[in-house]
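Below, each chain spelled out in residue letters.
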Amino acid sequence: MLPGAISYKLFLIWSGKRQIYTYNSFIDIFLFSIADYLLLDVLWRAYARLANKPIPTELSLSALLSESSPINFLAIGGASICGILTAIVMLILIKRNFFPQLGVKLGLSDAVSSDSIWVDFLKNNREWVYVRDYKTNQTYHCYVSMYTPYDNGDFKELYMEDVTVYQDSEELYKLSSLFLIRKADEFSIEIVPKNNSSSESLESNNITT
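In this report, we go over the structure that sits alongside the text. Keep in mind it's a predicted model, so treat the numbers as computed, not measured.

### Thoughts on the environment of Thr148
The residue Thr148 is located in the loop between strand S2 (138-147) and strand S3 (155-167) in this model. On the basis of relative accessible area, Thr148 is assigned to the buried category, the value being 3%. Separated by 33 residues in the primary sequence, Thr148 and Ile181 have C-alpha atoms spaced 9.9 Å apart. Residues within four places of Thr148 in sequence aside, it is in contact with Trp118, Val119, Lys156 and Glu157.

### Observations concerning the nonpolar core
A general feature of soluble globular proteins is that nonpolar side chains tend to end up buried together. Ranked by size, the top nonpolar core spans 16 residues in total, and within it Val131, Tyr140, Cys142, Leu158, Met160 and Ile189 carry the most contacts. Breaking this core down by element, the ones donating at least two residues are helix H6 (117-123), strand S1 (128-133), S2, S3, strand S4 (170-183) and strand S5 (187-191). No other element matches S3, which puts 4 residues into this core. If we ignore the near neighbours within four places in the chain, the residues touching Cys142 are Glu127, Trp128, Val129, Val131, Met160, Glu161, Asp162 and Val163. Judged by nonpolar contacts, the second largest core, of 6 residues, contains Tyr8, Phe11, Phe32 and Leu91.

### Remarks on the pairing of S1
With 5 of 6 residues buried, S1 lies mostly within the body of the structure. In the sheet, S1 pairs with S2 via 6 bridges, with the strands oriented antiparallel. Within the sheet, the bridge partner assigned to Arg132 lies in S2 and is Thr139. Where S1 folds back on S2, the antiparallel hairpin that results is connected by 4 residues, among which Asn137 adopts a positive phi of roughly 60°. Relative to S5, S1 runs antiparallel, the two being bridged by 5 bridges. The partner of Val129 across the bridge, within S5, is Ile191.

Cut-offs applied
- Residues numbered from 1 in each chain as written.
- Predicted model: local features only at pLDDT ≥ 70, side-chain atom pairs only at ≥ 80, totals over all residues.
- Heavy atoms only, no water.
- Helix = DSSP H or I, 4+ residues; strand = E, 2+ residues; numbered from the N terminus.
- Buried < 20%, exposed > 50% of the residue type's maximum accessible area, 1.4 Å probe, protein only.
- Contact = heavy atoms within 4.5 Å.
- Core = buried A, V, L, I, M, F, W, Y, C linked by side-chain atoms within 4.5 Å.
- Pairing = 2+ DSSP bridges.

Structure representation (structure tokens):
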């Protein structure tokens, strides 16, 4: 299970997901372990074919999965290294929404993404936006460079750069960066028309708070 635990840990770190271990986490670790040992078996067979050598009996997949076989630290180390590649491949597949889109093509699901609408919206709109803050009655014209990639309870987090602060369509001041944490119903995000300047957009969209 060590290779799977390493894969799962790297997957959580690189994906930015919160590291909360539940019953499903142990299932994921088990599945990662199987994938790691399968990859190790494939690599051993490829090496044996290229080197024209037999696969060591103690490193065969059947031996590794056998409860009667002694612990093989070489195999555990090899599978742990394979776990790094397994985590990378899984991250690429998830980032490209491979599994949801496969389900759509097979007619099994209508979900086109495994992420929430919150994550998909910000991920697919990496441009200048307006953030309306209903708590302070201000509007921020900014670039959202970072955000929480998960649901943090009732709160959302945004890290904004090159921020211009407005109130009632009047520019108040500029900030190099701003961290905002608000409840989901305390702010909204609007996409800036690409052919409009910030002042024109404020006037044409009548952004007043």
